[in-house]
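# Close look at the chain arrangement
Chain by chain, the residues:
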Amino acid sequence: MTAAEALAWFDGLAPVTVEEMSGRWRGEVVPTGHKMDPLLPATGWWGKAFEGPEDVHPLLHGAAGRVAVNPALLPLGLAVHLPPALVRLTFPLIRPLIATRKPCARLRMMDYRGVVSATMIYDAKPICDVFRRIDETSVLGLMDLRGAAPFFFQLTRDDAA
């Protein structure tokens, strides 16, 4: 899918509320040719956890997403230029150093492209993830990073994990 097709899909979806985002969500990249497409899978990204509006873990890794990492400690500008194979080899070594139990983001209802929907705001990065409903158990996420093209991902509810 192209970025333009993904954006059209996103724009056609209904909003979600902060309350509907509560729980654990398994994530996967929606490939559009974005430079971040190979990055999250290479790190072993599992998904996100929304424990409440003030308590969001945006980057869960490892088996069943048991390890939360602090996005503030990730050098995104450098990481997107590294070969995915190198990221895959080195991330498990640095993950214990950037693991956290503290939430690193918040949820708010915000207007994005004319629709008010649940939006995750990172505490220490100029990033907002905006969510729209695909169906009762899935949402499409659009990562809005200052100065970059939108990055798309899908989350599927997985509260059993």
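Provided above is the structure to which this section pertains.
So, a few notes on the structure that sits alongside this text. (Residues numbered from 1 in each chain as written. Predicted model: local features only at pLDDT ≥ 70, side-chain atom pairs only at ≥ 80, totals over all residues. Heavy atoms only, no water.)

### Section: the side chain of His34
The condition is simple: We count a stretch as a helix when DSSP gives it H or I for four or more residues in a row; a strand needs E for two or more, and each element gets its number in order from the N terminus. Between N or O atoms, a polar contact is any pair within 3.5 Å; within protein, one atom must be a potential hydrogen donor and the other a potential acceptor, and residues adjacent in sequence are included only when both atoms are from side chains.
In this structure, His34 sits in the loop between strand E2 (23–29) and helix H2 (39–43). Polar contacts involving the side chain of His34 include one to the main-chain amide nitrogen of Met36, which spans 2.9 Å.

### Here's the deal with the nonpolar core
Most often, soluble globular proteins keep nonpolar side chains buried together rather than apart. Stated formally: By nonpolar core we mean a set of buried residues, namely Ala, Val, Leu, Ile, Met, Phe, Trp, Tyr and Cys, connected to one another through side-chain atoms within 4.5 Å. Relative accessibility thresholds used throughout: buried, under 20% of the residue-type maximum; exposed, over 50%; partly exposed, between the two (1.4 Å probe, protein chains only). Contact criterion: two residues are considered in contact whenever any of their non-hydrogen atoms come within 4.5 Å of each other.
In this structure, Met21, Phe50, Leu107, Met120, Phe131 and Leu155 are the most contacted members of the largest nonpolar core, which totals 34 residues. Those residues within four positions of Phe50 in sequence are excluded, and the remaining contacts are Met21, Ser22, Gly23, Trp25, Asp55, Val56, Leu107, Met120, Phe131 and Leu155. With nine residues, the next largest nonpolar core counts Tyr112, Val130, Leu140 and Phe152 among its residues.

### Some words on helix H4 (residues 84–98)
Short version of the rule: Two axes enter the definition of the bend at a residue: one is fitted to the seven residues ending there, the other to the seven starting there, and the bend is the angle between them.
Of all the bends in H4, the largest measures some 45° and sits at Phe91, one to four residues before the proline Pro92. Of all the positions in H4, only Val87, Phe91 and Ile98 are classed as buried. For H4, the elements touching its buried residues are H2, strand E4 (55–61), strand E5 (67–68) and helix H3 (76–79).

### With respect to a nonpolar patch on the surface
This is how it is decided: A patch consists of residues exposed above 30% relative accessible area that lack any salt bridge, with like charges linked at up to 9 Å and nonpolar side chains (Val, Leu, Ile, Met, Phe, Trp, Tyr) linked at up to 5 Å. Here the accessible surface of atoms and residues is derived via Shrake-Rupley with a 1.4 Å probe, and residues count as covered only by protein chains that are part of the display. Salt bridge, as applied in this entry: a Lys or Arg side-chain nitrogen positioned within 4 Å of an Asp or Glu carboxyl oxygen.
A grouping of Leu78, Leu82 and Leu86 is seen on the molecular surface, where their side chains present a nonpolar patch of about 240 Å² in accessible area. Along the chain, Leu78 falls in helix H3.

### Brief notes about the side chain of Asp37
We count it as follows: For this count, His and the chain ends are skipped, Lys and Arg are scored as positive, and Asp and Glu as negative.
Structurally, the position occupied by Asp37 is in the loop between E2 and H2. Within the buried set, Asp37 has no salt-bridge partner at all; the shortest N-O distance to an opposite charge, 11 Å, is to Lys35. Only 2.8 Å separates the side chain of Asp37 from the backbone nitrogen of Thr32, close enough to count as a polar contact. From its side chain, Asp37 meets the backbone nitrogen of Gly33 in a polar contact 2.8 Å long. Dropping the residues within four chain positions of it, Asp37 is found in contact with Val29, Val30, Pro31, Thr32 and Phe151.

All quantities given are derived from atomic positions and should not be read as evidence of function.
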